[in-house]
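# Notes for the structure review
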There are 2 protein chains.
Amino acid sequence: MDQWATSERGGSYDLLLDLAGRNSRAALEDALREAVREGRLAAGSRLPSSRVLARDLGVARNTVADAYGQLVAEGWLTARQGSGTTVAERPAPRRRPATAAGSAALDVGHGPRTGPTELVPFATGLPYVLWPGSPDLSAFPRSAWAAATRRALHSAPNEAFGYADPRGRPELRTALSGYLARVRGVRTDPDRLVLCSGYVQAVGLLARVLRGRGARRVAVEEVGLPDLRTLLRASGLGTLTLPVDADGAQVGALDQAGGEVAAALLTPAHQFPMGVRLSPERRTAVTAWARATGGLVVEDDYDGEFRYDRQPVGALQGLAPDHVVYAGTASKSLAPGLRLAWIAVPPHLLEAVVREKRLADHQSPVLEQLTLAEFIESGAYDRHVRRMRLHYRGRRDRLVAALAERVPGARVSGIAAGLHVLVELPPEAGPLDAVITRAHRRGLALGGLPTFGAPPGAAAALVIGYGTPPEHAFAGALDLLCEVLAEPGR
Amino acid sequence: MDQWATSERGGSYDLLLDLAGRNSRAALEDALREAVREGRLAAGSRLPSSRVLARDLGVARNTVADAYGQLVAEGWLTARQGSGTTVAERPAPRRRPATAAGSAALDVGHGPRTGPTELVPFATGLPYVLWPGSPDLSAFPRSAWAAATRRALHSAPNEAFGYADPRGRPELRTALSGYLARVRGVRTDPDRLVLCSGYVQAVGLLARVLRGRGARRVAVEEVGLPDLRTLLRASGLGTLTLPVDADGAQVGALDQAGGEVAAALLTPAHQFPMGVRLSPERRTAVTAWARATGGLVVEDDYDGEFRYDRQPVGALQGLAPDHVVYAGTASKSLAPGLRLAWIAVPPHLLEAVVREKRLADHQSPVLEQLTLAEFIESGAYDRHVRRMRLHYRGRRDRLVAALAERVPGARVSGIAAGLHVLVELPPEAGPLDAVITRAHRRGLALGGLPTFGAPPGAAAALVIGYGTPPEHAFAGALDLLCEVLAEPGR
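Predicted, not measured: the structure shown is a model, and the values here were computed from it.

What follows deals with the overall build of chain A. Along its length, chain A carries 16 helices and 17 strands. Evaluated residue by residue, chain A yields a buried proportion of 62% over its 490 residues.

What follows is the structure in structure tokens.
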């Protein structure tokens with residue numbers, strides 16, 4: 001009870017607040033699962049009795065007891081005779097990377113110092129970082145970008161510098177609509193594209209539109225961007241969790257949810273962080289669900305350009321452009337600091353999305369937009385992407401070869417695309433959190449699967465972002481990784 | 001009843017939705033006043049009887065009857081024996097500027113085609129525009145900006161291109177903190193500055209922070225940015241309206257509201273659009289209110305750089321840095337399309353504001369930030385502002401001289417600063433809406449005071465944005481304005 005009372009008086013993630021209004025067993029289960037997953041309910045802490053919680057929430061005692069029972073069955077909670085219900089020990093608790101002594105003292109977040117879509121903590125203070133989520137920032141094409149900026153600045157009409165269309169510059173929407181059709185099979189036109197400041201803003205806009213239309217819940221992949229749920233909750237939306245297997249997200253759960261889920265946020269081309277792609281059967285199933293229920297699919301195509309061994313997987317949006325929001329970004333192909341992302345919006349949502357964009361920041365900044373348009377139209381973007389694809393494929397091959405040679409027990413997966421792979425630990429390396437701690441002590445920042453929402457019982461695996469280090473640091477980071485993995489664990 | 005029933009089924013501005021939860025007489029009055037002011041309740045339309053509305057809202061009939069009575073007394077509503085309560089005719093209904101035939105067909109807003117802080121409609125389709133809210137876009141320093149971008153791109157550290165501090169680049173926060181102290185008397189430091197995508201985003205972040213802390217209402221100036229109320233309402237906040245007189249906003253109403261107002265959004269240096277400044281007595285009063293109640297003052301210093309005839313009025317924030325959020329922008333000094341704004345945040349709000357910024361878009365784009373830092377540190381920004389101050393003062397002098405000569409009955413005010421003046425019509429010009437219609441027919445877009453929220457009975461005045469036209473069009477626009485005003489009205 002003490003733990004509970006404390007958490008009640010806690011910060012913004014107050015558990016009772018989370019649970020308030022979750023009157024059904026399913027909603028209660030979801031909320032508790034999230035609270036455990038996100039560390040708001042710490043391992044070992046005791047939950048209130050079902051009688052007390054039922055009274056506080058104003059629900060039937062059986063509702064709470066059933067929810068507890070289900071979560072015990074799933075391994076999230078533990079029930080012991082005489083000591084009540086406690087939160088189960090996690091196989092690998094998430095840890096907070098060390099922050100640089102010299103960095104700002106401001107604590108800008110809860111949990112690991114990462115935000116939505118920000119997977120690389122921005123101040124690890126460590127010389128080597130293999131977190132996923134960032135391209136090689138040392139490869140940003142500075143001179144070419146400066147030249148494109150100059151050309152864009154000189155050819156822009158005066159009105160480009162003023163308040164204008166919230167969707168963004170027509171030059172860029174035209175360039176992108178052609179590029180996305182050619183490279184990703186997206187079916188759209190410039191009028192239906194909306195430029196956003198990153199995928200996080202796009203999700204925020206869509207969440208507010210859906211909430212404004214009465215939506216209550218949105219489905220997300222069980223493993224994925226750490227703070228997507230936080231962002232959705234901030235917009236008043238609950239979540240349904242879709243487990244992920246070798247065929248991608250288990251979208252069948254959407255049908256079972258019986259129409260109460262308004263949208264599904266997916267990474268079909270390259271599941272983050274598992275690295276699998278959504279199977280053809282599930283692509284068909286999820287678009288059928290959308291057509292049948294009026295549900296929306298949001299396709300996060302964060303690294304669609306980087307596929308190495310086969311033809312790229314086309315965008316899901318091409319199958320059902322009226323039911324899928326396609327979301328792309330320059331965060332992986334160029335740099336996250338540009339904050340350039342775009343969504344192709346079905347006609348029935350367009351006006352509402354544009355209205356939310358106006359209320360959010362009126363329009364995204366124009367100069368990057370004009371510059372990217374110039375970059376695409378001049379062919380510089382295609383050249384840059386081709387060069388980077390070779391660059392990252394080279395790194396991936398070095399990583400796979402080094403692990404095969406020096407840590408033969410490690411199992412690498414998700415290598416066909418993107419800027420990260422999954423590395424399942426060899427048993428002799430010891431537990432995941434011990435490996436991460438050893439790496440941190442030697443100056444290497446690593447992220448494990450639990451940080452991205454993996455359930456208890458998931459494989460003990462690292463998510464290795466081989467795109468992240470600058471070129472001069474890649475060899476050193478790889479070397480440290482092999483050393484740490486090859487060392488016998490405690 | 002029909003009108004009411006129709007509006008009930010209407011769009012997102014559904015009136016019943018506005019009124020729901022407004023259980024006190026004061027809250028109900030505010031909501032109705034807003035609905036009339038913003039045109040959601042059209043002049044002449046009939047309101048439901050107090051009995052019916054009281055039933056629908058679940059409040060006492062007297063509450064509704066009292067609210068109706070107050071609004072009749074204020075001139076917003078009309079009560080006629082036998083025909084119930086109707087919305088009063090406005091002295092000068094807001095009108096929607098014509099849009100270009102070739103512009104996108106998408107209707108991206110309600111009411112005039114302007115958004116928060118976007119006062120110049122982005123597609124009037126007219127050759128001449130004297131709406132306020134925009135600098136002269138033809139004067140954007142393209143070459144100097146391109147050169148600064150190139151220098152910034154080449155000297156930036158790699159990590160600048162990645163996910164980083166949600167507050168923005170330290171280079172710019174350092175440069176701004178020195179600049180704001182020197183030029184505007186702002187007391188802050190780089191750690192407490194947060195870069196935002198325009199003032200509209202800053203208001204959105206602050207509104208969500210305040211709402212998250214339980215705030216219900218925020219005070220706004222009666223005349224001001226047209227959609228500020230929409231933005232606040234979207235964040236779940238109601239508004240208290242502060243009338244504006246020759247001494248600025250009547251902040252005494254804050255004390256009368258008895259602690260239930262969480263913040264006041266003001267334009268102290270140069271009230272928009274009336275052009276007056278907040279008197280020293282009211283500056284003292286509003287900071288005393290903030291200290292006594294824990295209320296927050298948000299100081300919108302949108303054109304603080306442009307004061308022509310006297311020393312600049314220092315920032316209010318300097319008087320009470322722990323109680324005032326100072327908001328500045330490059331939208332007037334450089335260009336709105338850059339979407340560069342900044343807020344200096346009191347320590348007790350900083351973490352919450354940063355959290356909302358992360359959830360909104362993680363961080364603002366970095367290249368403009370690095371470029372503006374370079375622009376400020378190299379002295380180019382000061383030179384540009386000095387040049388533009390001369391440029392705009394020259395335009396203001398031409399405008400005042402032309403009106404004095406050709407329309408001697410017009411009364412010009414608010415000339416000491418900024419990029420706009422108020423022009424009270426000479427009686428012979430006819431009613432305000434007729435003048436605006438005549439101007440539109442001749443190719444000149446004009447905005448009147450009612451568009452910015454002026455109450456019934458306010459002076460029939462135009463808000464003339466003399467900064468808006470590109471240099472080649474200024475003489476033509478001025479000539480047309482004088483012609484239209486000198487023409488005898490119907």
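A few words now on the relation of the copies chain B and chain A. Least-squares fitting of chain B to chain A yields an RMSD of 0.2 Å, with the transformation described by 0.1 Å of translation along the axis and a rotation of 180°. Taken together, the rotation and translation relating the two chain copies correspond to the operation of a two-fold axis. A share of 99% of the interface residues of chain B reappears at the interface of chain A, consistent with the copies meeting face to face through the same patch.

This brings us to the environment of P141 of chain B. Residue and element names in this part refer to chain B. Along the polypeptide, P141 turns up in the loop between strand 3 (128–129) and helix 6 (142–155). A residue is classified by how much of its surface remains accessible, and P141, at 10% relative accessible area, is buried. Distance in space between the C-alpha atoms of P141 and Y381 is 9.8 Å, their sequence separation being 240 residues. Excluding residues that lie within four positions of it along the chain, P141 makes contacts with L334, F375 and H384.

Right, let's talk about the environment of A156 of chain B for a bit. As for its placement among the helices and strands, A156 of chain B is situated in the loop between helix 6 and helix 7 (170–184). The class for A156 of chain B is buried, based on a relative accessible area of 8%. Note: C-alpha distance between A156 of chain B and E171 of chain B (15 residues apart in sequence) is 9.6 Å. If sequence neighbours within four positions are ignored, A156 of chain B has contacts with R142 of chain A together with F161 and L370 of chain B.

Owing to its 3.6 residues per turn, the α-helix brings residues three or four apart onto one side. Residues and elements named next belong to chain B. Its 27 residues give helix 14 (residues 380–406) an end-to-end C-alpha distance of 39 Å, which sits within 8% of 39 Å, the value for a rise of 1.5 Å per residue. When helix 14 is considered as a whole, its buried residues turn out to be A380, Y381, H384, V385, M388, Y392, R395, R396, L399, A402 and L403. For helix 14, the elements touching its buried residues are helix 7, helix 13 (366–377), strand 13 (411–413), strand 14 (420–424), strand 17 (461–465) and helix 16 (471–486).

Attention shifts here to the packing of helix 8 (residues 198–212) of chain B against helix 12 (residues 347–361) of chain B. Residues and elements named next belong to chain B. In contact at an axis separation of 9 Å, helix 8 and helix 12 are set at 120° when each is read in the N-to-C sense. When the axes of helix 8 and helix 12 are compared, the pair comes out oblique. Relative to helix 12, the crossing made by helix 8 is right-handed. Only L349, A352, V353, E356, K357, A360 and D361 of helix 12 make contact with helix 8, whose side of the interface consists of Q201, L205, L206, R208 and V209.

Below, the discussion takes up the pattern of salt bridges. All told, the structure shown has 38 salt bridges over all chains when counted by the stated rule. Salt-bridge contacts for R169 of chain A lead to E171 of chain A; the nearest nitrogen and oxygen are separated by 3.0 Å. On the accessibility criterion, R169 of chain A (6% relative accessible area) is buried. Judged by relative accessible area, E171 of chain A falls into the partly exposed class, the value being 29%. Note that D479 of chain B is salt-bridged to R406 of chain B, the shortest N-O span being 2.6 Å. Residue D479 of chain B is located in helix 16, and its partner R406 of chain B is located in helix 14; the two are separated by 73 residues in the primary sequence. We classify D479 of chain B as partly exposed; its relative accessible area is 34%.

A cis amide bond links F272 of chain A with the next residue in sequence, P273 of chain A, at an omega value of 5°. By the element assignment, P273 of chain A lies in the loop between strand 9 (261–266) and helix 11 (280–293). If you check the backbone angles, H362 of chain A has positive phi at about 65° while not being a glycine. Exposure remark for H362 of chain A: the relative accessible area of 0% places this residue in the buried category. Even without glycine at this site, R339 of chain B takes up a positive phi of about 55°.

Turning our attention to the packing of helix 14 of chain B against helix 16 of chain B. Residues and elements named next belong to chain B. Where helix 14 meets helix 16, the axes come as close as 10 Å, and the angle between the chain directions of the two elements is 25°. With respect to each other, helix 14 and helix 16 are oriented roughly parallel. The handedness of the crossing between helix 14 and helix 16 is right-handed. Contacts between helix 14 and helix 16 involve H391, R395, R398, L399, A402, L403 and R406 on the former and, on the latter, E471, F474, A475, L478, D479, L481, C482, E483, L485 and A486.

As a further point, take the sheet that holds strand 13 (residues 411–413) of chain A. Residues and elements named next belong to chain A. The strand order across the open sheet built from four strands is 13-14-17-16, with neighbouring strands paired in antiparallel fashion. Taken across any chain shown, the strands that pair with only one partner, and hence form the sheet edges, are strand 13 and strand 16 (447–448). Looking at chain direction, strand 16 and strand 17 (residues 461–465) are connected through two bridges and run antiparallel. Directly across from G448, in strand 17, lies its bridge partner L462. Of the strands in this sheet, strand 16 and strand 17 are in contact with helix 15 (residues 432–441), which crosses strand 17 at around 40°.

Attention now moves to the confidence of the model for chain A. All names here are of chain A. For chain A, per-residue confidence averages 86 on the pLDDT scale, and 86% of positions sit at 70 or higher. The model gives residues 1–14 a pLDDT under 50, and that stretch makes 27 contacts with residues more than four places away or in other chains. Every residue in residues 91–118 scores below 50 in pLDDT, and together they form 76 contacts with partners more than four places removed in sequence or on other chains. Across the interfaces of the predicted complex, the ipTM metric reaches 0.79, alongside a pTM of 0.79.

Residues and elements named next belong to chain A. By the criterion of burial, strand 11 (residues 324–329) is predominantly enclosed, with six of the six residues buried. Residues V324, Y326 and G328 line one face of strand 11 and the alternating positions V325, A327 and T329 line the opposite face, and both faces are buried. Here strand 10 (residues 296–300) pairs with strand 11 via four bridges, running parallel. By the bridge assignment, D300 is partnered in strand 11 with A327.

Glancing now at the domain arrangement of chain A. All names here are of chain A. Annotation of chain A at the domain level lists domain 1 (2–87), domain 2 (128–139 + 383–486) and domain 3 (142–380). When each unit is reduced to the centre of its C-alpha atoms, the spacing between domain 2 and domain 3 is 27 Å. On the side of domain 3, 28 residues touch domain 2, which itself brings 28 residues to the contact. In total, about 2400 Å² of surface goes out of reach between domain 2 and domain 3, with carbon and sulfur atoms giving 61% of it.

The strands making up a sheet associate through backbone hydrogen bonding, with each pair oriented either parallel or antiparallel. Residue and element names in this part refer to chain B. Sheet architecture is open: four strands sit in the order 13-14-17-16, paired in antiparallel fashion. Two strands in the sheet have a free side with no partner beyond their single neighbour: strand 13 and strand 16 (447–448). Seen against the sheet, helix 15 (residues 432–441) touches strand 16 and strand 17 and runs at an angle of roughly 40° to strand 17.

Right, let's get into the side chain of D165 of chain A. Residues and elements named next belong to chain A. Here D165 lies in the loop between helix 6 (142–155) and helix 7 (170–184). Here D165 falls in the buried class, since its relative accessible area comes to 11%. A polar contact is formed between the side chain of D165 and the side chain of R167, at a distance of 2.7 Å.

Here helix 16 of chain B is 16 residues long and its end C-alpha atoms lie 24 Å apart, about the 22 Å a rise of 1.5 Å per residue gives. Close packing links the buried residues of helix 16 of chain B with strand 3, helix 14, strand 14, helix 15, strand 15 (444–445) and strand 17 of chain B.

A few words now on the interface of chain B and chain A. Facing the 69 residues of chain B at the interface are 68 residues of chain A. Summing both sides of the interface, chain B and chain A together bury roughly 5600 Å²; the carbon and sulfur share of this comes to 61%. For the interface between chain B and chain A, the tally reads zero salt bridges. Here chain B is connected to chain A by 16 residue pairs in polar contact (both at pLDDT 80 or more). Those elements that place two or more of their residues in the side of chain B that touches chain A are helix 6, helix 8, helix 9 (228–234), helix 12 and helix 13 of chain B. Per element, the largest residue contribution to the side of chain B that touches chain A is nine residues, and it comes from helix 6 of chain B. For the side of chain B that touches chain A, the residue count by class is 32 nonpolar, 22 polar and 15 charged.

Basis of the calculations
Residues numbered from 1 in each chain as written. Chains lettered and ligands numbered in written order. Predicted model: local features only at pLDDT ≥ 70, side-chain atom pairs only at ≥ 80, totals over all residues. Heavy atoms only, no water. Helix = DSSP H or I, 4+ residues; strand = E, 2+ residues; numbered from the N terminus. Buried < 20%, exposed > 50% of the residue type's maximum accessible area, 1.4 Å probe, protein only. Least-squares fit on C-alpha atoms with pLDDT ≥ 70 in both. Contact = heavy atoms within 4.5 Å. Expected span 1.5 Å × (residues − 1). Axes fitted to C-alpha atoms, helices over the stretch in contact; angles between N-to-C directions. Parallel < 35°, antiparallel > 145°, perpendicular 65-115°, else oblique. Left-handed = near helix turned anticlockwise from the far one by under 90°. Salt bridge = Lys/Arg side-chain N within 4 Å of Asp/Glu carboxyl O. Pairing = 2+ DSSP bridges. pLDDT = per-residue confidence, 0-100. Domains from an automatic or database assignment. Buried area = accessible area lost by both parts, 1.4 Å probe. Polar contact = N/O pair within 3.5 Å; in protein donor to acceptor, adjacent residues only side chain to side chain. Nonpolar A, V, L, I, M, F, W, Y, C, P; charged D, E, K, R; others polar.

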